[in-house]
Amino acid sequence: MKFSGNLLILEKDSQKRQSLETIFSFLGLVCQSGDVADCLSYFEAEDSNVDFCVLGDVDSLEYKKLLKDHKDTAFLLCTTNCKEDLSTCSNLMGTISNDPNYDEIISLLHYCQSFRTMRKYSKKSGDGAAALIKMLVGQGKAITNVRRLIEQVASTDASVLILGESGTGKEVVARAIHELSNRKNKAFVPVNCGAIPGELLESELFGHEKGAFTGAISAHEGRFELAEGGTIFLDEIGDMPLQMQVKLLRVLQERQFERVGSNKPIKADVRVIAATHQNLEKMVEEKTFRQDLFYRLNVFPIDTPPLRDRTDDIPLLVQELVNRHGKEKKASIRFTQRAMLQLMSCPWPGNVRELSNLVERLLILHPNEIVDVDDLPVSYRGGKLEDDPYAERMALLDSFSVPLPGDEVQEDFDVEEADSKPIDLPPLPVIEGENDMAQAFMPTLSPEGINLKDMVSNIEINMIKQALGQSNGVVAKASEILGLRRTTLVEKMKKYGIVASN
């Protein structure tokens, strides 16, 4: 996974500095490190373009002042010696541990790039920017706009209506608004209006007195009382019965309510956030939702985009979900480029919730492995592997990283016709000057057949080990010998459990 941007490393220890530079350079960042005083001068230069900065051990450095003075730069902390409280710094994206792993570094860089994207669209990112980025992962314009709207409305008491399909993260948006508001130290109380029977909803929301109805053996506080001073989140508001809509409207208008079985008014200092996947305007026209309540709730609407409109964010979301579920499962997984492209082409009717479930399933099925298209559930392969007559050639293409002739797109290609007749596959290309090697990859097919996948894997393992032997264990040199990118070779070595030894 590659990143872009200019990274400044502030660290007095040369060995640690070199290690950090190696890690971040490998991931595609342009790194600047060296003498601390010289590096600090980059911030003051007129043409300064420091996107990210790693703060290590630096003598006499005022960390907090540096972060406050350069609010457009995303910072990562890489020291345990900082005694200052940096929790209020909106541009501190996280802390690098003493022994960081790949997933940790990737996640932190995602946060940094998301911060840069937010600052590009808005220079008003508040103190909750870092928390907001971690709650709503992504760098696309759609999710960046959602974060911007959350920042704008969070500090007010305005009612918010969150619209979007199921699984798009409407409750996450609601919690983000609460966490960035002045009410964050009070309760956040979610209520699913569609999951509570209509005859019980009034008691759940407003509470009841002892003896108010059969079975009310004691007084009961409602959700509005529990949310006093905080936020109540009314999910699936479109499922609320009409008679309850009238009572909710009164609470919004008068800021008070009464328990069931009581006529004593109770003041309600509660912020109301509602959400629905339904079209409330259409429901108003059909008279299944009150127009006056709709306008009361729709003070500040926020649309959560479906995952199919955020395909560029899928790699970031997958990495974040792998980290979250991986901590619980004590495992991790990686995805090949083909698998990731396949996921990006899926329709995702269940949106982020569906993606989260898939990642959790794959962590159980393939812990600490590399997931390819073959490892995805059939419903996520789009039928391509089963239906594509060129599937075996694609496997060879991935294995050898050599383009095969005849792979051009044929506009008049008929899949059904292709399935009904034998496929005439062209021979593998012979590399000029390497006829003997090319011939070695073309064994005679016996009548009993062969396991092509195992054969290709064995060839790869053998060639990788030979290349590492010729290069004395230097991976970069071995990748040149094999004609592969270094990152591709590293992934293959991990896949086969091959360790470079000097």
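For the structure, check the block above.
Residues numbered from 1 in each chain as written. Predicted model: local features only at pLDDT ≥ 70, side-chain atom pairs only at ≥ 80, totals over all residues. Heavy atoms only, no water.

Caption draft 1: Highlighting the overall build of the protein chain. Helix and strand content of the protein chain: 22 helices and 14 strands. Put simply, the protein chain has 502 residues, and 44% of those count as buried. Within the protein chain, contacts between residues separated by at least 24 positions form 67% of all contacts whose residues are at least 6 apart in sequence. Carbon and sulfur atoms make up 50% of the accessible area of the protein chain, which totals about 26,800 Å². (Helix = DSSP H or I, 4+ residues; strand = E, 2+ residues; numbered from the N terminus. Buried < 20%, exposed > 50% of the residue type's maximum accessible area, 1.4 Å probe, protein only. Contact = heavy atoms within 4.5 Å. Areas by Shrake-Rupley, 256 points an atom, 1.4 Å probe, with all protein chains shown as cover.)

Caption draft 2: Focus on the side chain of S159. You can see S159 is positioned in the loop between α6 (141-154) and β6 (160-163). We classify S159 as buried; its relative accessible area is 7%. Sequence-distant contacts of S159, defined by excluding residues within four places in its chain, comprise L252, V272, R296, L297, V299 and F300.

Caption draft 3: Quick look at the nonpolar core. In terms of nonpolar packing, the biggest core is built from 43 residues, with F24, M93 and I150 touching the most fellow members. The element contributing the most residues to this core is helix α4 (residues 102-121), with eight residues. Excluding residues that lie within four positions of it along the chain, F24 makes contacts with L7, L29, C31, V54, I96, I105 and L109. Core analysis: the second largest hydrophobic core is formed by 31 residues, V191, L205, M244 and F289 among them. (Core = buried A, V, L, I, M, F, W, Y, C linked by side-chain atoms within 4.5 Å.)

Caption draft 4: Expanded view of the environment of L365. Relative to the helices and strands, L365 is located in helix α15 (residues 351-365). When the C-alpha atoms of L365 and L376 are compared, they prove to be 9.9 Å apart, with 11 residues separating the residues in sequence.

Caption draft 5: Layout of the environment of N81. Residue placement: N81 occurs in the loop between β4 (74-77) and β5 (92-95). For N81, a relative accessible area of 48% translates into the label partly exposed. In this structure, the C-alpha to C-alpha distance between N81 and G56, residues 25 residues apart in sequence, is 8.7 Å. Polar contacts involving the side chain of N81 include one to the side chain of D57, which spans 2.8 Å. (Polar contact = N/O pair within 3.5 Å; in protein donor to acceptor, adjacent residues only side chain to side chain.)

Caption draft 6: Structural context of the sheet that holds β4. Spatially, the five strands line up as an open sheet ordered β2-β1-β3-β4-β5, and their pairing is parallel. Both outer strands of the open sheet, β2 (30-32) and β5, are each paired with one neighbouring strand and no more. Going across the sheet, the axis of each strand differs from the next one's by a mean of 20°, ignoring polarity. Bridge count for strand β1 (residues 6-10) against strand β3 (residues 52-55) is four bridges, and the pairing is parallel. Across the sheet, the residue bridging to L8 is C53, located in β3. Across the face of the sheet, helix α1 (residues 14-26) comes into contact with β1, β2 and β3 while running at roughly 165° to β1. Contacts from helix α2 (residues 36-44) reach β1, β2, β3 and β4 within the one sheet, and its direction differs from that of β1 by about 140°. (Pairing = 2+ DSSP bridges. Axes fitted to C-alpha atoms, helices over the stretch in contact; angles between N-to-C directions.)

Caption draft 7: View of the packing of aromatic side chains. Within the structure shown, the criterion is met by seven aromatic pairs. Between the aromatic rings of F188 and F233, the centroid separation amounts to 6.1 Å while the plane-to-plane angle is 20°, which identifies the pairing as stacked. With F188 in strand β7 (residues 188-192) and F233 in strand β8 (residues 231-235), this pair connects stretches of sequence that are 45 residues apart. Here the two residues F188 and F233 agree in accessibility, since each one is buried. Ring geometry for W348 versus Y380: centroids 5.3 Å apart, planes at 35°, classification tilted. A residue pair is termed long-range when its members are at least 10 positions apart, and W348 in the loop between α14 (337-344) and α15 and Y380 in the loop between β14 (370-371) and α16 (384-387) qualify at 32 residues. A relative accessible area of 1% means that W348 is categorised as buried. Here the aromatic residues F206, F224 and F257 are joined through ring pairs into a cluster of three or more. (Phe/Tyr/Trp six-rings, centres within 6.5 Å; stacked < 30°, edge-to-face > 60°.)

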